[in-house]
Amino acid sequence: MTSTIQTGEQDQQSIDVDSRHSENYKHEYVKSFAERWDDLIDWEARSKSEGSFFIDVLRQRGAKKVLDVATGTGFHSVRLLEAGFEVVSADGAAEMLAKAFDNGRKRGHILRVVQADWRWLNRDVHGEYDAIICLGNSFTHLFEERDRRKTLAEFYAMLRHDGVLILDQRNYDALLDGKYGNKRKYYYCGESVTAEPERIDEGLARFRYTFPGGDYFHLNMCPIRKDYVRRLMREVGFQRIETYGDFQETFREDEPDFYIHVAEKEYRMDSPEKTEE
Ligand SMILES: C[S@@+](CC[C@H](N)C(=O)[O-])C[C@H]1O[C@@H](n2cnc3c(N)ncnc32)[C@H](O)[C@@H]1O
């Protein structure tokens, strides 16, 4: 008989069903979850589904020096290193960074890892970057608006004058409006793992990740809407924000699983800020 157990550490730290705090991530990414994260994302399948999207966006903007602020287990840091970018890999969760470092080493790289919380990023990460990436729905770990604003301000400040922020999020609009399909698997590509929303309301999206054998983990995320995120980005100073749906420029609002925002800092005299939202 297979029993379904929530893997101990996360349980003990009690990410309760209604926890809505930016601090949650510190208890959610426990060692046992970090160990299994790669079964969830499946590096090979994820590489295929993203193709060269992020590499192209970065190259088109002449970026060389990239800060990966949500390194997780290192998938994008490693891909970008292999594509020739200079990468610094930050994350707030020590267990995820440790796994990223191991993953890098297995592929012949020594990742430059820094443990840092986005809200006070420049306390621990120094320098100026051509690009910052915050991928894998990570930004939606922040529950308080104050934290989202502070985080975006930290990102903005660490970019060069013409730098770019690439930040993605689940299509929570579809989820909140009852149009969630998740037929495609652009991000969470592992065939044997299920990622299901267990609880959804305007302030909480609680996901359950179930692994072969029945072990499961939870992530409590904040279901922020696409236009709200675009607005916050503009309000902290980003000048031009392009939003892609599952790596495409044109999409129907309820169709994509993920949105990817590409936010440019450069102030161009010839392109006034759009204020459509
Ligand atoms: C959903 S995982 C995504 C990891 C990776 N980018 C990927 O796509 O596989 C989110 C990551 O964001 C990190 N994170 C969440 N909140 C954070 C914060 N306030 N400061 C720094 N890192 C944070 C977590 O530790 C975790 O590694």
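Residues numbered from 1 in each chain as written. Predicted model: local features only at pLDDT ≥ 70, side-chain atom pairs only at ≥ 80, totals over all residues.

1. Description of the overall build of the protein
Next, step 1: Check the secondary structure of the protein and you find 11 helices and 10 strands.
Next, step 2: Taken over 277 residues, the protein has a buried fraction of 41%.
Next, step 3: Looking at the protein alone, contacts between residues at least 24 apart form 69% of all its contacts between residues at least 6 apart. (Helix = DSSP H or I, 4+ residues; strand = E, 2+ residues; numbered from the N terminus. Buried ≥ 20, exposed ≤ 12 C-beta atoms within 10 Å, placed from the backbone. Contact = placed C-beta atoms within 7 Å.)

2. Some words on the site of the ligand
Next, step 1: Y25, G72, G92, A93 and G136 are the nearest of the 19 residues found near the ligand.
Next, step 2: Looking at the shell around the ligand residue by residue, the classes come out as nine nonpolar, seven polar and three charged. (Near = placed C-beta within 6 Å. Nonpolar A, V, L, I, M, F, W, Y, C, P; charged D, E, K, R; others polar.)

3. What about the nonpolar core?
Next, step 1: With 47 residues, the main nonpolar core has V66, A131, I132, L165 and I166 as its most contacted residues.
Next, step 2: Beyond its immediate sequence surroundings of up to four residues, A131 is in contact with L58, A63, V66, G163, V164 and I166.
Next, step 3: Core analysis: the second largest hydrophobic core is formed by 17 residues, F33, L40, V113 and Y209 among them. (Core = buried A, V, L, I, M, F, W, Y, C linked by C-beta atoms within 7 Å.)

4. Quick word on the pairing of strand 6 (residues 194–201)
Next, step 1: Of the strand pairs in this sheet, strand 6 and strand 7 (residues 204–210) are connected by seven bridges, and their pairing is antiparallel. Looking across to strand 7, one finds that E196 is bridged to R208.
Next, step 2: Between the end of strand 6 and the start of strand 7, which pair antiparallel, lie two residues. (Pairing = 2+ DSSP bridges.)

5. Quick notes on unusual backbone geometry
Next, step 1: Phi is positive for D246, close to 45°, though the residue is something other than glycine.
Next, step 2: Along the chain, D246 falls in the loop between strand 9 (240–245) and strand 10 (258–264).
Next, step 3: Owing to 19 C-beta atoms within 10 Å, D246 belongs among the partly exposed residues under this scheme.
Next, step 4: In the Ramachandran plot, F247 falls in the positive-phi region, its phi being about 75° despite a non-glycine side chain.
Next, step 5: In this structure, F247 sits in the loop between strand 9 and strand 10.

6. Quick notes on the sheet that holds strand 8 (residues 216–221)
Next, step 1: Read from one edge of the open sheet, three strands run 6-7-8, paired in antiparallel fashion. Here the strands that pair on one side only, and so sit at the sheet edges, are strand 6 and strand 8. Put simply, the sheet's adjacent strands are angled 20° from each other on average, direction ignored.
Next, step 2: Bridge count between strand 7 and strand 8: six bridges; the pairing is antiparallel. In the strand pairing of strand 8, R206 is matched with N220. (Axes fitted to C-alpha atoms, helices over the stretch in contact; angles between N-to-C directions.)

7. Quick notes on the pairing of strand 4 (residues 129–134)
Next, step 1: The element strand 4 is largely enclosed, with a buried count of five among its six residues.
Next, step 2: Sheet topology places strand 1 (residues 65–68) next to strand 4; three bridges connect them, and they run parallel. By the bridge assignment for strand 4, D68 is matched with I133.
Next, step 3: Since strand 4 and strand 5 (residues 159–170) lie parallel, the crossover through helix 9 (residues 145–158) that links them has a hand, and here it is right-handed. (Right-handed = clockwise from strand over helix to strand, strands pointing away.)

8. As for the sheet that holds strand 5
Next, step 1: Ordered by their spatial adjacency, seven strands build an open sheet running 3-2-1-4-5-10-9, and the pairing between neighbours is mixed. The sheet is open, and its two edges are formed by strand 3 (113–115) and strand 9, each paired on a single side. For this sheet, the mean inter-axis angle between neighbouring strands, taken without regard to orientation, is 20°.
Next, step 2: As defined by bridge partners, strand 2 (residues 86–91) adjoins strand 3 across three bridges and the pair is classed as parallel. Paired with A90 across the strands is V114, a residue of strand 3.
Next, step 3: Sitting on the sheet, helix 9 is in contact with strand 1, strand 4 and strand 5, with an inclination near 145° to strand 5.

9. Some points on helix 7 (residues 94–106)
Next, step 1: Here helix 7 is 13 residues long and its end C-alpha atoms lie 18 Å apart, about the 18 Å a rise of 1.5 Å per residue gives.
Next, step 2: Of the residues making up helix 7, those classed as buried are M96, L97, K99, A100, F101, N103 and G104.
Next, step 3: The inward-facing, buried residues of helix 7 contact helix 3 (31–41), helix 6 (75–82), strand 2 and strand 3.
Next, step 4: Positive phi shows up at G108, right after helix 7, with a value of about 90°. (Expected span 1.5 Å × (residues − 1).)

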